[in-house]
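What the coordinates show
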Amino acid sequence: ASCAPIDPRAEAAASAQASLSKVADMIDTLKARVMVAPYVDHTLLKPEATPEDVQRLCTEAIQYGFQAVCVNGSNVRTAYETLKALGAHQRVKVCAVVGF
């Protein structure tokens, strides 16, 4: 059995094409997130959520561009103060549920 010679340029081109395809897929995913995020409330309704949990929620909302953070009523102040401290209280809204 004879082996065909390997063309390193063809291998490199095929590898580059596969990498470009993966990058294009990642960009499409990011575009979808950017288009949807402004219409989504990032939610943490557990009454036992810690202040650190609420702060993380707010940070993620800013990072991903969510419309609002939705928290248990007992965490509204923490959420608002966190967003205000991060300079995002006018862009990211705070909402709460009642009787959940």
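To keep things clear, this report deals only with the structure shown in the data block. (Residues numbered from 1 in each chain as written. Predicted model: local features only at pLDDT ≥ 70, side-chain atom pairs only at ≥ 80, totals over all residues. Heavy atoms only, no water.)

1. Quick notes on the nonpolar core
Spelled out, the test is: Residues belong to a common nonpolar core when they are buried Ala, Val, Leu, Ile, Met, Phe, Trp, Tyr or Cys residues joined through side-chain atoms within 4.5 Å. Whether a residue is buried, partly exposed or exposed follows from its accessible area with a 1.4 Å probe, protein chains only, as a fraction of its type maximum: under 20%, in between, or over 50%, in that order. By definition, any uninterrupted DSSP run of H or I lasting at least four residues is a helix, any uninterrupted run of E lasting at least two residues is a strand, and each is numbered from the N terminus. Note on definitions: a residue-residue contact is assigned when non-hydrogen atoms from the two residues lie within 4.5 Å.
Within the largest apolar cluster, 14 residues are counted, with the highest numbers of intra-cluster contacts made by Cys58, Val69, Ala79, Leu83 and Val92. Sorting the residues of this core by element identifies helix H2 (51-64), strand S2 (68-72) and helix H3 (76-85) as the ones contributing at least two each. The element best represented in this core is H2, accounting for 4 residues. The residues contacting valine 69, other than those within four sequence positions of it, are His42, Leu57, Cys58, Ala61, Ala79, Leu83, Val92, Lys93, Val94 and Cys95.

2. Considering the side chain of asparagine 72
Selection criterion: Any pair of nitrogen or oxygen atoms within 3.5 Å is treated as a polar contact; in protein, a donor-acceptor pairing is required on top of that, and neighbouring residues in sequence qualify only through side-chain atoms on both sides.
When you line up the elements, asparagine 72 lands in strand S2. Here leucine 45 takes part through its backbone oxygen, which lies 3.5 Å from a polar atom of the side chain of asparagine 72.

3. Some thoughts on the packing of aromatic side chains
Each pair of aromatic rings is reported with the distance of its centres and the angle of its planes. Rules: When two rings of Phe, Tyr or Trp (its six-membered ring) have centres within 6.5 Å they constitute a pair, described as stacked for plane angles under 30 degrees, edge-to-face for angles over 60, and tilted for the intermediate range.
Inspection of the entire model under this criterion finds 1 aromatic pair. Ring geometry for tyrosine 64 against phenylalanine 66: centres 6.2 Å apart, planes inclined by 50 degrees, an arrangement best described as tilted. Tyrosine 64 gets classed as partly exposed once you look at its relative accessible area, which sits at 43%.

4. Details of the pattern of salt bridges
Basically, it comes down to this: We count a salt bridge whenever a side-chain nitrogen from Lys or Arg sits within 4 Å of a carboxyl oxygen from Asp or Glu.
Taken as a whole and judged by the stated rule, the model has 2 salt bridges. Arginine 9 is the partner of aspartate 7 in a salt bridge, and the nearest nitrogen-oxygen pair spans 3.7 Å. On the accessibility criterion, aspartate 7 (36% relative accessible area) is partly exposed. Judged by its relative accessible area of 69%, arginine 9 falls in the exposed class.

5. So, H3
Under the convention used in this document: The arc in question is the one spanned by the directions pointing from the helix axis to the C-beta atoms.
Along H3, the positions that sit buried rather than exposed are Ala79, Thr82 and Leu83. For H3, the arc enclosing every buried residue in end-on projection is 95 degrees, short of the 170-degree limit, so these residues lie on one face. Exposed residues pointing more than 90 degrees away from the buried face of H3 are listed as Arg77 and Ala85. Contact partners of the buried residues in H3: H2, S2 and strand S3 (93-97). Following H3 by one or two positions, glycine 87 has its phi on the positive side, about 75 degrees.

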